[in-house]
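# A closer look at the structure
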Amino acid sequence: MNVGQKIKLALRGNRDARTLLARDNTKTVRRFVLSNPMITEDEITNIASDRTDKWFAYWKFDDVAEHEPKFDDPGIRDQVLAVWKSDQVLLQRIYAEGV
């Protein structure tokens, strides 16, 4: 089987196919196993607990639309201030060195 066929099988295959393809040498194929709509939580747990390879698993809960945080949102002011301060320190060092 070539990689394209394996990806199709990873996306549409049954439990046995997913189990085999989760151990495939191609990382791309293994990633598509997690995208199979029929995969169960137990299968994801088994894949993630496999210690022979470095896997990570994620579970998508919902779609959140992109948004630009407002300055008044909780925590945003502190983050902006911290970045501004670090930039000021960097600029002072640059000017002090005469660069």
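About the thresholds
- Residues numbered from 1 in each chain as written.
- Predicted model: local features only at pLDDT ≥ 70, side-chain atom pairs only at ≥ 80, totals over all residues.
- Heavy atoms only, no water.
- Helix = DSSP H or I, 4+ residues; strand = E, 2+ residues; numbered from the N terminus.
- Buried < 20%, exposed > 50% of the residue type's maximum accessible area, 1.4 Å probe, protein only.
- Contact = heavy atoms within 4.5 Å.
- Patch = residues over 30% accessible without salt bridge, like charges linked within 9 Å, V, L, I, M, F, W, Y side chains within 5 Å.
- Areas by Shrake-Rupley, 256 points an atom, 1.4 Å probe, with all protein chains shown as cover.
- Salt bridge = Lys/Arg side-chain N within 4 Å of Asp/Glu carboxyl O.
- Core = buried A, V, L, I, M, F, W, Y, C linked by side-chain atoms within 4.5 Å.
- Arc of directions from axis to C-beta.

Glancing now at the overall build of the protein. In terms of helices and strands, the protein carries five helices and zero strands. Listed by position from the N terminus, the elements making up the protein come as α-α-α-α-α. Among the 99 residues that make up the protein, the fraction classed as buried is 21%. Here the contacts in the protein between residues at least 6 apart in sequence split such that 27% fall between residues at least 24 apart.

Our focus in this paragraph is a nonpolar patch on the surface. A cluster of nonpolar side chains, namely Leu90, Leu91, Ile94 and Tyr95, defines an oily patch on the protein surface of about 400 Å² accessible area. Checked against the element boundaries, Ile94 lands in helix H5 (residues 76–97). Of the residues examined, Ile94 reaches a relative accessible area of 33% and is grouped as partly exposed.

By the definition in use, this model includes two salt bridges. The residue Glu43 makes a salt bridge to Arg18 at a minimum N-O spacing of 2.9 Å. Here Glu43 is found in helix H4 (residues 41–48), whereas its partner Arg18 is found in helix H2 (residues 15–21), with 25 residues between them in sequence. Each member of the pair, Glu43 together with Arg18, is buried.

To continue, consider the nonpolar core. Of all hydrophobic cores here, the largest spans 10 residues; its members are Ile7, Ala10, Leu21, Ala22, Val29, Val33, Leu34, Ile39, Ile44 and Ile47. Listed by contribution, the elements that provide at least two residues to this core are helix H1 (3–12), helix H3 (27–33) and H4.

With respect to the secondary-structure elements, Asp24 resides in the loop between H2 and H3. Classification of Asp24 as buried rests on a relative accessible area of 12%. Once you skip the residues sitting within four places of it in the chain, Asp24 turns out to touch Lys6, Val29 and Arg30.

Next up on the list: H1. Looking at H1, one finds that the buried residues are Lys6, Ile7 and Ala10. For H1, the angular spread of the buried residues around the axis is 100 degrees, confining them to a single face. What points out from H1, more than 90 degrees from its buried face, is the exposed set Lys8 and Arg12. Contacts from the buried residues of H1 go to H2 and H3.

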